[in-house]
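One-letter residues, chain by chain:
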Amino acid sequence: MGEPTVVVCGAKANMFFMSNEFKLVISSWPTSSVELMGKNSIMEKKGIVVKPGLLETFEGVLEGAFSPPFKFPGSKFSRAISARMKVQKFLVEVIREKRKEIEFGRVQNEQGKLDESLLSRLVKAMIRGEVSEDEVVDNVVLLVFAAHDTTSFAIAMTFRMLAQHPTCYSLLLQEHANIMSDKGPDEGLSLEDTKKMKYTWQVARESMRLFPPIFGSFRKAIADIEFDGFTIPKGWKVLWTTYGTHNSPEYFKEPQNFDPSRFEEPVQPYAFIPFGGGPRLCAGYQLAKLNILIFVHYVVTKYNWSLVDHDEPIVMDPLPFPSKGMPIKISPKF
Ligand code: HEM
């Protein structure tokens, strides 16, 4: 990314750099990510209805988030910047509309309940003067960036692993059959049900160990740092990576094997870090967990499915992505 950067590996280094946030290091994403997410998002500081075409525009922004920040016609970064302008225009309209609704006293959502959506809370904070319009826009863009490709890739890899390991799939199906057997025919899932999905969460975690949705994250040294006999000068960047520990036999026996049951035992702190750790631990960790568990539940209980290509290559650009979009064959069970 054009700046002196030290790559660190191992649980000890992860713990050191993650837990010393604000003391020795600060979160420091590449220029391209910051320009595209906006300078006012929480990444840089300490329920929208999606219009047709908007999702593609968001994807256009995400594609440029790790590209070199060169603004020349046709470059990935320039395309991402224009996608970001479109998203911004749309969000400003939505925010101003929401502001009008709240100021005119319409505080209920379409179901007649008090509108407690994230957008509504942010706009209320804006009306109280606690945040600016730019901050609301930048944080909504950041949330889409942080939540979109990560959760979908984690879900995709969970299904890929289930397809490649039929014994694990049977165990997982049994877990969901047990949950269903305690419920009435039209009874939806409850939070209590998701707590029973222990094996499913082991499968998802093992899938994220082998296929972490985010390769790692950047910090910037705010002082000269002494670590393990090395000096990292103030101003240098530090990149911690998931791969450094996820694939190490020091922390995971036979790391190349897919074995969800390894998560029955506690893992050494800071060795399994798909969501990071310390004060910058992923803000959406619990939401991502629920999304994955609920999505898996409905697919495996309602559909028969299989992968079209069992060995589809995963490409890194630089975030991982199944090269063909992971097509599946799917049909209702009943
Ligand atoms: C499987 C899904 C997800 C994975 C693997 C993941 C992973 C991560 C990682 C590795 C970080 C960087 C931590 C660091 O810099 O040390 C992060 C940050 C973040 N994530 Fe997630 N994430 C996921 C889903 C989500 C979701 C669903 C949301 C929100 C709806 C979200 C919101 C955020 C935010 C706001 C940050 C920035 C936190 C900060 O800098 O203080 N993430 N995530």
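Residues numbered from 1 in each chain as written. Predicted model: local features only at pLDDT ≥ 70, side-chain atom pairs only at ≥ 80, totals over all residues.

Under an unreviewed UniProt entry, the name given to the chain is Cytochrome P450, and the source organism is Solanum bulbocastanum. Of the comments in the UniProt record for the chain, the one headed Subcellular location (unreviewed entry) reads "Membrane". (UniProt positions renumbered as here; feature names shortened; annotations may be inferred.)

Asks: What is the right way to read the overall build of the chain from this model?
Replies: A tally of helices and strands in the chain yields 11 helices and 10 strands. Scored against the burial criterion, the 334 residues of the chain give a buried share of 29%. (Helix = DSSP H or I, 4+ residues; strand = E, 2+ residues; numbered from the N terminus. Buried ≥ 20, exposed ≤ 12 C-beta atoms within 10 Å, placed from the backbone.)

Asks: I'm lost on the site of the ligand in this one. Help?
Replies: Taken together, 22 residues lie around the ligand, and Ala147, Ser217, Gly276, Cys282 and Gly284 are the ones closest in. For the shell around the ligand, the secondary structure elements donating two or more residues are α6 (133–164) and α11 (285–302). Here the shell around the ligand gets 7 residues from one element, more than from any other, and that element is α6. (Near = placed C-beta within 6 Å.)

Asks: Please explain helix α9 (residues 198–210) as it appears in this structure.
Replies: Counting along an α-helix, one turn takes 3.6 residues, and residues three or four places apart therefore face a common direction. Taking 1.5 Å per residue, 13 residues should reach 18 Å; α9 reaches 19 Å between its end C-alpha atoms and fits that length. Considered for burial, the residues of α9 that qualify are Thr200, Gln202, Val203, Ala204, Glu206, Ser207, Met208 and Arg209. The secondary structure elements touched by the buried residues of α9 are α6, α7 (166–181), α10 (243–246) and α11. (Expected span 1.5 Å × (residues − 1). Contact = placed C-beta atoms within 7 Å.)

Asks: Which parts of the structure should I look at to understand the packing of α6 against α11?
Replies: Direction vectors running N to C along α6 and α11 enclose 40 degrees, while the axes themselves pass 10 Å from each other. Classified by the interaxial angle, the pair formed by α6 and α11 is oblique. As α6 runs across α11, the sense of the crossing is right-handed. Here Thr150, Thr151, Ala154, Ile155 and Thr158 of α6 lie close against α11, whose contacting residues are Ala288, Asn291, Ile292, Phe295 and Val296. Among the residues forming the contact of α6 with α11, the class breakdown is 6 nonpolar, 4 polar and no charged. (Axes fitted to C-alpha atoms, helices over the stretch in contact; angles between N-to-C directions. Parallel < 35°, antiparallel > 145°, perpendicular 65-115°, else oblique. Left-handed = near helix turned anticlockwise from the far one by under 90°. Nonpolar A, V, L, I, M, F, W, Y, C, P; charged D, E, K, R; others polar.)

Asks: Honestly, the environment of Asn247 in this entry has me stumped. Any pointers?
Replies: If you trace the backbone, Asn247 turns up in the loop between α10 and α11. For the pair formed by Asn247 and Phe272, sequence separation is 25 residues and the distance between their alpha carbons is 9.8 Å.

Asks: Even after reading the chapter, I still don't get the confidence of the model for the chain, so can you show me in this structure?
Replies: A low pLDDT means the predicted coordinates there should not be read in detail. On average, residues of the chain score 89 in pLDDT, and 90% of them reach the 70 mark or higher. No element of the chain has a lower mean pLDDT than helix α3 (residues 54–63), at 64, and none a higher one than α9, at 98. Below a pLDDT of 50 lies the segment residues 46–50, which in the model reaches 7 contacts outside its immediate sequence neighbourhood of four places, other chains included. (pLDDT = per-residue confidence, 0-100.)

Asks: Would you mind showing me how to read the nonpolar core here?
Replies: For soluble globular proteins, the rule of thumb is that nonpolar side chains tend to be buried together. Judged by nonpolar contacts, the single largest core of 21 residues is most densely connected at Ala154, Ala156, Met157, Leu162, Val203 and Ile292. Secondary-structure elements contributing two or more residues to this core are α6, α7, α9 and α11. It is α6 that contributes the most residues to this core, 8 residues altogether. Not counting residues up to four positions away in its chain, the partners in contact with Val203 are Thr158, Met161, Leu162, Cys168, Leu172 and Pro260. (Core = buried A, V, L, I, M, F, W, Y, C linked by C-beta atoms within 7 Å.)

Asks: Can you help me understand unusual backbone geometry in this one?
Replies: Trans peptide bonds make up the majority, and among non-glycine residues the majority have a negative phi. Positive phi values are uncommon outside glycine, yet Asp228 reaches one of about 55 degrees. Position of Asp228 among the secondary structure elements: in the loop between β4 (225–227) and β5 (230–232). Residue class for Asp228 comes out exposed when judged on the 9 C-beta atoms lying within 10 Å of it. Phi at Tyr270 takes a positive value of approximately 70 degrees, unusual for a residue other than glycine. Inspection of the secondary structure puts Tyr270 in the loop between α10 and α11. Tyr270 sits in the buried class, given 22 other C-beta atoms within 10 Å.

Asks: Help me understand the environment of Arg219, please; the structure alone is not making it clear to me.
Replies: In this fold, Arg219 is placed in strand β3 (residues 216–221). Accessibility expressed as a C-beta count within 10 Å gives 27 for Arg219, which makes it buried. Excluding residues that lie within four positions of it along the chain, Arg219 makes contacts with Phe17, Val25, Ile26, Ser27, Ser28, Lys237 and Val238.

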